Amino acid sequence: MSANPILRLTEAGLYCEPGDFFIDPWRRVERAVITHAHADHARRGCGSYLTSDPGKHPLQLRMGADALVQSIAYGEAVRIRDVTVSLHPAGHVLGSAQIRIEHSGYVAVVSGDYKVDHDPTCASFESVKCHLFITESTFGLPIYRWARSAEVFAAIDSWRIENQAAGKASLLLAYSLGKAQRILASVDRSIGPIFAHGAVEAMNRAYRSAGVELPEIATVQSASKGFDWSKALIVAPPSAWGSPWARRFGEVSTAVASGWMTIRGTRRRRGVDRGFVISDHADWPGLLGAIEATGASEVWVTHGYSAVVARLLLERGIDAKIVSTRFEGERIDSTDDDSLSDNAAAAVSTLTSSDTIDGENGSTDIESSRSVVRNEDAGLLE
Ligand SMILES: [Zn+2]
Ligand SMILES: [Zn+2]
């Protein structure tokens, strides 16, 4: 694929031969270096995992108590066989890391998922100079441009106040790792009580143990029978929508917080009342700015609208390639919400039709809402 001495694409994913490890492998491998704990980046069953210190707890939660998870501090350089590896903040979720690999003066950086906007719940994205940059492109289309996050959170607060006046609970659907905590840390705590789905609260604990300040939140299950939900904000994973779990709230206004809400049709087809455009991925200008800042002469684009981004980079004289993402069969049952959207993006990477994106989300939702209900009963995260 490339003359670079560090990375190549294999059947199991990105492989670093001089270090003999995989990055975010698609299959079970002996040694995995993990950018972050979302299901499309971290698979169970590997021999060992290396991630960042703040990412250790979320990864252990997702990989299971038996998994061997090791961690290093951001910026700490370690020698793995013939390469030097260090992890640098990706600004995506707690502990998310770009992986820098150096071998004989040549530097490759694997971004994982990233965003450049400020997020009070994780370390900010750090630009790392390199020869080869491997970038995600989940929202790699010019239509994706995020508003300032303060404006979006103000809109969420107004929506809660409107709902209270109408006697309705506010059910806000957001990924249980990352988005949910960003919302909880940013909404106005004085408006009313805040509750979380069990999967969200499990991750909240990981965030608190890493020193992230979150408001006092009760779990939905802890509320007394007959509780009046009409003043409450409830934060739950998107897969909880339409499940029996969500029926207890009585009159409810439902909203989704996602970058996909940019496309009006997505919200309409999901049948929710509101969509708030807020993402833990870089938008179009964010992606292009981050790529340029690396100074990389070679860029591999993966995980989203890779063809669009790669074409633009080629026009700018950068040696750009598309690296296709592969998914295992069981992924359709995954309850990791990030992966659902990422799957949808990958599946339609050559299309821009909102109908196609809706269709992907719609079909996976049915599967995942079932597993969330089952798993919450069992007290498991996934
Ligand atoms: Zn992610
Ligand atoms: Zn991802």
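These numbers come from a predicted model, not from an experiment. (Residues numbered from 1 in each chain as written. Chains lettered and ligands numbered in written order. Predicted model: local features only at pLDDT ≥ 70, side-chain atom pairs only at ≥ 80, totals over all residues.)

Engineer: What's the story with helix α1 (residues 56–63) in this structure? I'm lost.
Structural biologist: Residues spaced three or four apart along an α-helix face the same direction, because each turn holds 3.6 residues. Burial runs high along α1: 7 of the 8 residues are buried. Taken residue by residue, α1 has Lys56, His57, Pro58, Leu59, Leu61, Arg62 and Met63 as its buried positions. Residues of α1 that are buried make contact with β5 (48–52), β6 (69–72) and α4 (198–209). Positive phi appears at Gly64, one or two residues downstream of α1, with a value of about 100°. (Buried ≥ 20, exposed ≤ 12 C-beta atoms within 10 Å, placed from the backbone. Helix = DSSP H or I, 4+ residues; strand = E, 2+ residues; numbered from the N terminus. Contact = placed C-beta atoms within 7 Å.)

Engineer: Help me out: how do you make sense of the nonpolar core in this one?
Structural biologist: Soluble globular proteins: nonpolar side chains tend toward being buried together. Grouped together as the largest cluster of nonpolar side chains are 101 residues, with contacts concentrated most on Ile99, Leu172, Leu173, Ile234, Val235 and Ala257. Filtering out sequence-adjacent residues up to four positions away, Leu173 remains in contact with Ala236, Pro237, Pro238, Trp241, Thr254, Ala255, Val256 and Ala257. (Core = buried A, V, L, I, M, F, W, Y, C linked by C-beta atoms within 7 Å.)

Engineer: It is not clear to me how the confidence of the model for the protein should be interpreted in this structure. Could you clarify?
Structural biologist: Close inspection of predicted coordinates is inappropriate for parts of the model with low pLDDT. With 84% of its residues at a pLDDT of 70 or more, the protein shows a mean pLDDT of 85. Confidence drops under pLDDT 50 across residues 328–382; counting only partners more than four residues distant or on other chains, this segment forms 99 contacts. (pLDDT = per-residue confidence, 0-100.)

Engineer: Please explain the environment of Ile278 as it appears in this structure.
Structural biologist: Within the fold, Ile278 resides in the loop between β17 (274–276) and α6 (284–294). Ignoring anything within four residues of it in the chain, the contact list for Ile278 reads Ser149, Val152 and Ala257.

Engineer: I keep staring at the packing of α1 against α4 and nothing clicks. Help me out?
Structural biologist: The interhelical angle for the contact between α1 and α4, taken along N-to-C directions, is 150°, at an axis separation of 8 Å. If you check the angle between α1 and α4, you find them roughly antiparallel. The chirality of how α1 crosses α4 is right-handed. Contacts from His57, Pro58 and Leu61 of α1 reach α4 at Ala202, Met203, Ala206 and Ser209. Residue composition of the contact of α1 with α4, by class: 5 nonpolar, 2 polar and no charged. (Axes fitted to C-alpha atoms, helices over the stretch in contact; angles between N-to-C directions. Parallel < 35°, antiparallel > 145°, perpendicular 65-115°, else oblique. Left-handed = near helix turned anticlockwise from the far one by under 90°. Nonpolar A, V, L, I, M, F, W, Y, C, P; charged D, E, K, R; others polar.)

Engineer: How should the pairing of strand β11 (residues 132–137) be read in this particular structure?
Structural biologist: Note on strand geometry: in a regular strand, side chains alternate between the two faces of the sheet. Of all 6 residues in β11, 6 are buried, a share of seventy percent or more. In β11, alternate side chains face the same way, and those of Leu132, Ile134 and Glu136 on one face and Phe133, Thr135 and Ser137 on the other are all buried. Relative to β11, strand β10 (residues 106–110) is paired through 3 bridges, and the arrangement is parallel. What sits directly across from Val109, in β11, is Phe133. Where β11 and strand β18 (residues 298–304) come together, 6 bridges link them in parallel fashion. Considered in β18, the bridge of Glu136 is made with Thr302. (Pairing = 2+ DSSP bridges.)

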